[in-house]
Amino acid sequence: MPSDMLSHMYAIPTAFVSAMFVVFGLYVVITQGVTRLSMPFLMMCVTTFAWQGTWTLLFQTDSPQIAAVLVRVGYLFILFLPTTFYHFVTEVSARRREQPYLLASYGLCVVLAGLLPGHEVIAGYRQFFFGYYPEAGPLHPLHVAQTVLLSARSAQLLIAARKAAGGEARRRLELCLASLGLYSFAAVDYAVNYGYPFYPPGVLFIALSLGLLAITIVRYHLIHPYALAATIAHEIATPLATIGMHADEIASVWTHVFDGYRMAVAHGLYADGDHGGQSERISQLAASIRREVSGTSAMVEMALASFTLDRMDRSRFVPHAVEHCVTTALERYPFRSDERARITVLPIDATLRFSGSDTLLVFVLFNLLKNAFHAIRVSGAGDITISAVAEQDFCVLRFRDTGPGIAPDVLPHIFDAFFSTKRHGSGAGMGLAFCRRATEMLGGTIECQSTRGSHTTFIVRLPAPGTPADRALREPPVRARRRLQSIRAR
């Protein structure tokens, strides 16, 4: 077979993969939108497209001068590919603390790229049976070491995130880990840079690796739940804010309108008839609408929080007053009729603080209030008592209601997702499951004690600032979970 036909044949895989990654990148961005996850994936696709496209030309050229240029142009994109994969993994595993290392890795890529015109990274090229190929320079092992370190660190992050996840999230991370394994096999191409004469198979491993990621992103909704939640929250929050604004406007003018109405009735200009009572009730509608809007907005925020719990950065946790969180929850909760009067808050030390997110604790209290009032309405009687104290390394919040209690056979399952004893349409069984996930994310626990026909008490334990439990939150998830379990067992 003529040599020019052979060179064309060896260029076919690189040309095919180059074109394929244009499709991969555009498809993910078009279907999933521009997100923190889709952009690193697009960067991987762009660098792979440019690298493989350059190799397509390199394997076909007969000109040493053109080959000298192409080997450096192609390696410009190869230098950045391991870092873009690491960037993607930091987003998948929600490890914001990797940011300094990520920036340092990109910085090293820029430095090596600046040296490409010389012979430090790429010393030139060799001619093999399939065409020209780059020859490693004295600093090329630095890029190889960078690739090995980034692959190992990416594997650590994915394994740690997989251990902390469950269900479909665990499946998605397993696919990402498999993709990383395929990607790592592409390192065999480095041997060709050092003179081993075989056709570089890395193109196939890279194609399979990023193809698997594309499937994971689209088919297994790696991005979709977060993007969908954010979209729904935005679409609902905007009309809710408008309704609240209109309610405020009604409240501001209704007093003047009602004063004019009463003057008209007093001077005989209008016969009140049976409408007096209805007119007085209208003045209460604006406040009721505002309460409903505030409560619904909080529920929307809570739904969004449930999607993003696994991506929360614990390193940003700060101390919050428990008393303030309880007050905020009671101010924002959309109470019905006499519900607020059923709640007693025992005195809480103003200095009692926990380390974490005040928003999450407010949402936990929202769910406990909603469940307690549902039980009280069913039984027709009951009251709620909220208290909080410090116990060793933890703030302990107790939420007690004197409703009907929980049956012994039901109690072990109340924190299970989608488990509900409410009639169809009254609840999806996600409220208490959210409470458990939220308290665990905060490094704490939630448990329930109940006596049928007497009472139910939820006990929430959260780490106090500066304690060993608080410091454990800053550690990697698996190690943090083990340390917290050890601290609670004391």
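Because the structure is predicted, anything quoted here is derived from the model rather than measured.

## Side note on the overall build of the chain
Moving on, step 1. Check the secondary structure of the chain and you find 15 helices and 9 strands.
Moving on, step 2. In the chain, 72% of the contacts between residues at least 6 apart in sequence involve partners at least 24 apart.

## Regarding the pattern of salt bridges
Moving on, step 1. Summed over all chains, the structure comprises 6 salt bridges.
Moving on, step 2. Close ionic contact of R398 with E391 constitutes a salt bridge, the shortest N to O distance being 3.3 Å.
Moving on, step 3. Given a relative accessible area of 31%, E391 falls into the partly exposed group.

## Describing the packing of helix α3 (residues 64–92) against helix α4 (residues 99–114)
Moving on, step 1. Their axes nearest at 9 Å, the elements α3 and α4 cross at an angle of 175 degrees. Looking at the two axes, α3 sits roughly antiparallel to α4. Where α3 abuts α4, its residues L76, L79, F80, T83, T84, Y86, H87 and T90 lie against Y101, L102, S105, Y106, C109, V110, L112 and A113.
Moving on, step 2. When its residues are assigned to classes, the contact of α3 with α4 shows 11 nonpolar, 5 polar and no charged.

## As for the side chain of S357
Moving on, step 1. Mapped onto the fold, S357 is located in the loop between β5 (353–356) and α12 (358–379).
Moving on, step 2. A relative accessible area of 15% places S357 in the buried class.
Moving on, step 3. At a separation of 3.3 Å, a polar atom in the side chain of S357 contacts the main-chain amide nitrogen of L360.
Moving on, step 4. In this structure S357 touches F317, H320 and L442, once residues within four positions along its chain are discounted.

## Describing helix α13 (residues 431–441)
Moving on, step 1. The buried fraction of α13 is high, at 8 of 11 residues.
Moving on, step 2. For α13, every residue scored as buried is listed here: G431, L432, A433, F434, C435, A438, T439 and M441.
Moving on, step 3. At the C-terminal side of α13, G443 shows a positive phi close to 85 degrees.

## Observations regarding the confidence of the model for the chain
Moving on, step 1. For the chain, mean pLDDT is 77; residues scoring 70 or higher make up 66% of the total.
Moving on, step 2. Segment residues 1–8 is flagged for pLDDT under 50; beyond a separation of four residues in sequence, or across chains, it makes 4 contacts in the model.
Moving on, step 3. Below a pLDDT of 50 lies the segment residues 223–228, which in the model reaches 12 contacts outside its immediate sequence neighbourhood of four places, other chains included.

Definitions and cut-offs
- Residues numbered from 1 in each chain as written.
- Predicted model: local features only at pLDDT ≥ 70, side-chain atom pairs only at ≥ 80, totals over all residues.
- Heavy atoms only, no water.
- Helix = DSSP H or I, 4+ residues; strand = E, 2+ residues; numbered from the N terminus.
- Contact = heavy atoms within 4.5 Å.
- Salt bridge = Lys/Arg side-chain N within 4 Å of Asp/Glu carboxyl O.
- Buried < 20%, exposed > 50% of the residue type's maximum accessible area, 1.4 Å probe, protein only.
- Axes fitted to C-alpha atoms, helices over the stretch in contact; angles between N-to-C directions.
- Parallel < 35°, antiparallel > 145°, perpendicular 65-115°, else oblique.
- Nonpolar A, V, L, I, M, F, W, Y, C, P; charged D, E, K, R; others polar.
- Polar contact = N/O pair within 3.5 Å; in protein donor to acceptor, adjacent residues only side chain to side chain.
- pLDDT = per-residue confidence, 0-100.

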